[in-house]
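Letter by letter, the chains look like this.
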Amino acid sequence: MKNTYYLLILTLLGGLGWSCQEERFLDETETTNLNEEVVFSDSAYTTQFLFDIYRDIGFSNSPARFNSGGFFPQTTGGLQTASDESEPRIINAITTDIQFITGTVNPIIISSDPWNIPYRNIRKVNQLLKNLPNAPLNDNLKAQYAAEGRFLRAWYYYLLVQHYGGVPLIGDEIYTAEGEISGARATYEQCVNYIVSECDEAAKVLAIRPRGRDFGRVGAGACMGLKARMLLHAASPLHNGSDFASGDLKEILGYASFDANRWKLAADAAKDLINLEVFKLFNDNSEEPGRGFYSLFIASDAIGNGDPIDQCIILMKMEDKGQGRERLFQPPSRGGTGGGGFPYQETVDAFAMSNGKLITDPSSGYDPQDPYVGRDPRFYNSIIYDQTQLIVPAGSLTPVDIYTGTYQGSAASEDAVFTGTPTGYYTNKMLHREIVANYWIGGPQSRPLIRYAEVLLNFAEATNEFSGPISEVYQAVEAVRERAGLDPFILPAGLSKEAMREVIHHERRVELAFEGFRFWDVRRWMIAEETQANTMTGMEVKRNGEAVSYNKFNVRKHIFRDALYYWPIPQSEVGKSPEMLQNPYY
């Protein structure tokens, strides 16, 4: 098979270069035309080549991942709009998120980004490792760069395995356009072992938590975080001896038989990271409940320089200041485009009350005639609902009018349900409270890829599955709930393993909402046929003077079929080799 999907034309060594804003790492890149000999005979170019491999680390969970393509692409959303979290922005194109929620995914039209981007960067890593010994760098830098490269290679393999299951492992080979390689897919176990091994080796060399101008680069903590995440996936029902696939594909998509000890391996890996006592939750509820939760998404300018908040970020996708997320998520009156999608009512309902009780609990205090009062503080930092106070370019807070009818003498606005939003909601997560999309002042755009709250939840899930709800499980989950601002944050005593599992699933849904986790969680838990095949709803708030009513309405029927547990390998790749097995049902 001609290795066109590994090919790195030497002019792609041009994506090198970077410019640092306030001497920060990996803010921006600019292109130039250089050849391999020039790049690796110059220390600055060699460094820039490494930095270029970092550029794509956040593509998979980008909230703007899916778009129409072309010279002026229109964004529809990301994994949040390919799942039951948000409704995509509708455009004149069939995008990947639409394919997933309508059940129309097929190998011909599916986006090939999760195949092409990782393999392109894996080849770059191999090229870096080949040339580092002769680069004009001191031995310490060579060792550091090699370790960063090995982590990045493991990261991109993890993304491949997450999308497809077992994939071809190419080792340190650097194939050319003339090269012939096997299309045979490695087993799931081989891929997991390779990723874990690369993480372990890289962690031996790197500092635990890069600081200052190196913040954003890989540290040993990131290596340990990726290892724990990969092992959690490997222990999960979809991969741990399930009957989802048979024949040659069974071991490509998972393990041949169930082994409970895989949960222990995942728990131990997360516990090793916790035991470093280097990373912590940023717990700030003094000014307002849940302030720490809000702060971690918008304070990238403060972190990396000794600020306490940097202890909760293990790996971050660094970006320049701007209004990118605001343009994606804010309502039209603030310059938003809807390109990040619109939360469903089901996502809204998942947020509990401030006392930690689900809204379905009769003792929670939830009032369906006043549904946005007294909710989990993460709700207010994640969802824009009718009358949410949001800043405008003039600098004042004004309510977002999503209602239909007339209120305080004003009729429905451009932000209204059925006009600006198809669900009655906009996304508030990761938005800076003082930044507006239609104004010139920009704010932090960097976003976390691995954060400490996820590690705690990974540990809690794996430990609960192996040992049941022991005290350490309670402590990990309650720490996340406390930082969220729930009062009380303590869980009921005596929960069963099954009940604790539901608690952990719920905490992951609200804590990690819109960050790309939900799409994968429901698959690895093998509950996607229950969660991804429903009629999704929205909320119309009707106002007539001071009278108000809340009316749920249907937005879209989602379709799910077994094939959608995995992405199909692009048909263009399958056609290159008879050894390349396609995933089931495609």
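What you are looking at is a predicted structure, and each value in this text was computed from that prediction instead of being measured.

### A look at the pairing of strand 9 (residues 404-407)
The side chains of a regular strand alternate, residue by residue, between the two faces of the sheet.
Okay, so step 1: Pairing geometry for strand 9 and strand 13 (residues 535-544), over three bridges, is parallel. Bridge pairing in strand 13 links Thr404 to Lys542.
Okay, so step 2: The pairing of strand 9 with strand 10 (residues 410-411) spans two bridges and is classified as antiparallel. Note that in strand 10 the partner of Tyr407 across the bridge is Ser410.

### Concerning the pattern of salt bridges
Okay, so step 1: Throughout the structure, instances matching the rule amount to 38 salt bridges.
Okay, so step 2: Where Arg217 meets Glu148, a salt bridge forms, and the shortest distance between an N and an O atom there is 2.8 Å. Separated by 69 residues along the polypeptide, Arg217 in the loop between helix 6 (188-203) and helix 7 (220-235) and Glu148 in helix 5 (residues 139-164) bring together distant segments of the chain. In this structure, Arg217 and Glu148 share a single accessibility class: buried.
Okay, so step 3: Across the pair Lys317 and Glu319 runs a salt bridge whose closest N-O atoms are separated by 3.0 Å.
Okay, so step 4: The class for Glu319 is partly exposed, based on a relative accessible area of 33%.

### Observations regarding the packing of helix 5 against helix 6
Okay, so step 1: One way to put it is that helix 5 packs onto helix 6 with a least axis distance of 8 Å and a crossing angle of 155°. With respect to helix 6, the element helix 5 is oriented roughly antiparallel. The chirality of how helix 5 crosses helix 6 is left-handed. On the side of helix 5, the interface is formed by Ala147, Arg150, Phe151, Arg153, Ala154, Tyr157, Tyr158 and Val161, while helix 6 contributes Tyr188, Cys191, Tyr194, Ile195, Glu198, Cys199, Glu201 and Ala202.
Okay, so step 2: Of the residues in the contact of helix 5 with helix 6, the class split is twelve nonpolar, no polar and four charged.

### Thoughts on helix 10 (residues 291-298)
Okay, so step 1: With seven of its eight residues buried, helix 10 lies for the most part within the structure.
Okay, so step 2: Within helix 10, the full set of buried residues consists of Gly292, Phe293, Tyr294, Ser295, Leu296, Phe297 and Ile298.
Okay, so step 3: Where the residues of helix 10 are buried, they touch strand 4 (313-317), helix 11 (324-329), helix 13 (377-380), strand 12 (447-451), helix 15 (471-484) and helix 16 (497-511).

### Digging into the packing of aromatic side chains
Okay, so step 1: Summed over all chains, the structure comprises 29 aromatic pairs.
Okay, so step 2: Aromatic pair Phe100 and Trp567: ring centres 5.1 Å apart, planes at 50°, arrangement tilted. Residue Phe100 is found in helix 3 (residues 96-102), and its partner Trp567 is found in the loop between strand 14 (547-557) and helix 19 (571-574); the two are separated by 467 residues along the sequence. Neither residue differs from the other here; Phe100 and Trp567 are each classed as buried.
Okay, so step 3: Considering the side-chain rings of Phe351 and Phe379, the 5.9 Å spacing of their centres and the 65° angle between planes classify their relative orientation as edge-to-face. Residue Phe351 is found in the loop between helix 12 (345-350) and helix 13, and its partner Phe379 is found in helix 13; the two are separated by 28 residues along the sequence.
Okay, so step 4: What links up through ring pairs into an aromatic cluster is the set Phe351, Tyr372, Phe379, Tyr380, Tyr385, Tyr425 and Tyr550.
Okay, so step 5: In this arrangement the basic side chain of Arg523 is found over the ring face of Phe519, its NZ or CZ atom lying 3.7 Å from the centre.

### Focus: helix 9 (residues 261-275)
Okay, so step 1: Look at helix 9: 20 Å from first C-alpha to last across 15 residues, which is about the 21 Å you get at 1.5 Å a residue.
Okay, so step 2: For helix 9, the set of buried residues is Arg262, Trp263, Ala266, Ala267, Ala269, Ala270, Leu273 and Ile274. One side of helix 9 holds all its buried residues, which, seen down the axis, span an arc of 160°.
Okay, so step 3: For helix 9, the elements touching its buried residues are helix 7, strand 4 and helix 14 (452-467).
Okay, so step 4: At the exit of helix 9 stands Glu277, carrying a positive phi of roughly 55°.

### Points about the sheet that holds strand 14
Okay, so step 1: The mixed open sheet is built from four strands, whose spatial order is 10-9-13-14. A single partner strand is all that each edge strand has here, and the edge strands are strand 10 and strand 14.
Okay, so step 2: Alignment of strand 13 against strand 14, held across ten bridges, turns out to be antiparallel. If you follow Thr537 over to strand 14, its bridge partner there is Asn554.

### What to know about a nonpolar patch on the surface
Okay, so step 1: Taken together, the side chains of Ile94, Ile108 and Ile109 present a nonpolar region at the surface, about 340 Å² in accessible area.
Okay, so step 2: Counting through the fold element by element, Ile109 comes out in the loop between helix 3 and helix 4 (113-131).

### Quick word on the pairing of strand 13
Okay, so step 1: The element strand 13 is extensively covered by neighbouring structure, given that seven of its ten residues are classed as buried.
Okay, so step 2: From the end of strand 13 to the start of strand 14, which pair antiparallel, there are two residues, and Gly545 there has a positive phi angle of about 70°.

### Points about the nonpolar core
Okay, so step 1: Counting residues in each nonpolar core, the largest one holds 114 residues, and the members touching the most others are Phe151, Leu152, Trp155, Tyr157 and Val218.
Okay, so step 2: The greatest single-element share of this core, amounting to 13 residues, is contributed by helix 5.
Okay, so step 3: Residues within four places of Phe151 in sequence aside, it is in contact with Ala202, Val218, Ala222, Cys223, Leu226 and Leu315.
Okay, so step 4: Cys312, Ile384, Val417 and Met430 belong to the second largest nonpolar core, which has 25 residues in total.

### Observations regarding the side chain of Gln387
Okay, so step 1: As for its placement among the helices and strands, Gln387 is situated in the loop between strand 6 (383-384) and strand 7 (389-391).
Okay, so step 2: Of note is the side chain of Gln387, whose polar atom sits 2.8 Å from the side chain of Asp401.

### Quick look at unusual backbone geometry
Okay, so step 1: Backbone torsion omega between Asp487 and Pro488 reads 5°, so that peptide bond is classified as cis.
Okay, so step 2: Its identity as a non-glycine residue notwithstanding, Gln387 has a phi of 75°, on the positive side.
Okay, so step 3: Residues other than glycine seldom take positive phi values, yet Gln408 does so here, at roughly 50°.
Okay, so step 4: With respect to the element layout, Gln408 can be found in the loop between strand 9 and strand 10.

### Comments concerning the state of the cysteines
Here a disulfide denotes one covalent bond, and it connects the sulfur atoms of two cysteines.
Okay, so step 1: Overall, the coordinates contain zero disulfides when judged by the stated rule.
Okay, so step 2: Here Cys199 is not cross-linked by a disulfide; its sulfur's nearest cysteine counterpart is in Cys223, at 5.7 Å.
Okay, so step 3: On the accessibility criterion, Cys199 (1% relative accessible area) is buried.
Okay, so step 4: Cys312 takes part in no disulfide bond, and the closest cysteine sulfur, belonging to Cys223, lies 19 Å away.

### Some words on the side chain of Arg325
Okay, so step 1: Structurally, the position occupied by Arg325 is in helix 11.
Okay, so step 2: Buried and without a salt bridge, Arg325 has Glu326 as its closest oppositely charged side chain, separated by 5.5 Å.
Okay, so step 3: A distance of 2.9 Å separates a polar atom in the side chain of Arg325 from the backbone oxygen of Met430.
Okay, so step 4: What Arg325 contacts, discounting residues up to four positions off in sequence, is Phe297, Met430, Leu431, Pro444, Gln445, Ser446 and Arg447.

Quick notes on the rules
- Residues numbered from 1 in each chain as written.
- Predicted model: local features only at pLDDT ≥ 70, side-chain atom pairs only at ≥ 80, totals over all residues.
- Heavy atoms only, no water.
- Pairing = 2+ DSSP bridges.
- Helix = DSSP H or I, 4+ residues; strand = E, 2+ residues; numbered from the N terminus.
- Salt bridge = Lys/Arg side-chain N within 4 Å of Asp/Glu carboxyl O.
- Buried < 20%, exposed > 50% of the residue type's maximum accessible area, 1.4 Å probe, protein only.
- Axes fitted to C-alpha atoms, helices over the stretch in contact; angles between N-to-C directions.
- Parallel < 35°, antiparallel > 145°, perpendicular 65-115°, else oblique.
- Left-handed = near helix turned anticlockwise from the far one by under 90°.
- Contact = heavy atoms within 4.5 Å.
- Nonpolar A, V, L, I, M, F, W, Y, C, P; charged D, E, K, R; others polar.
- Phe/Tyr/Trp six-rings, centres within 6.5 Å; stacked < 30°, edge-to-face > 60°.
- Lys NZ or Arg CZ within 6 Å of the ring centre and 35° of its normal.
- Expected span 1.5 Å × (residues − 1).
- Arc of directions from axis to C-beta.
- Patch = residues over 30% accessible without salt bridge, like charges linked within 9 Å, V, L, I, M, F, W, Y side chains within 5 Å.
- Areas by Shrake-Rupley, 256 points an atom, 1.4 Å probe, with all protein chains shown as cover.
- Core = buried A, V, L, I, M, F, W, Y, C linked by side-chain atoms within 4.5 Å.
- Polar contact = N/O pair within 3.5 Å; in protein donor to acceptor, adjacent residues only side chain to side chain.
- Disulfide = S-S within 2.5 Å.
- Lys, Arg positive; Asp, Glu negative; His and termini not counted.

By themselves, these figures tell us nothing about what the structure is for.
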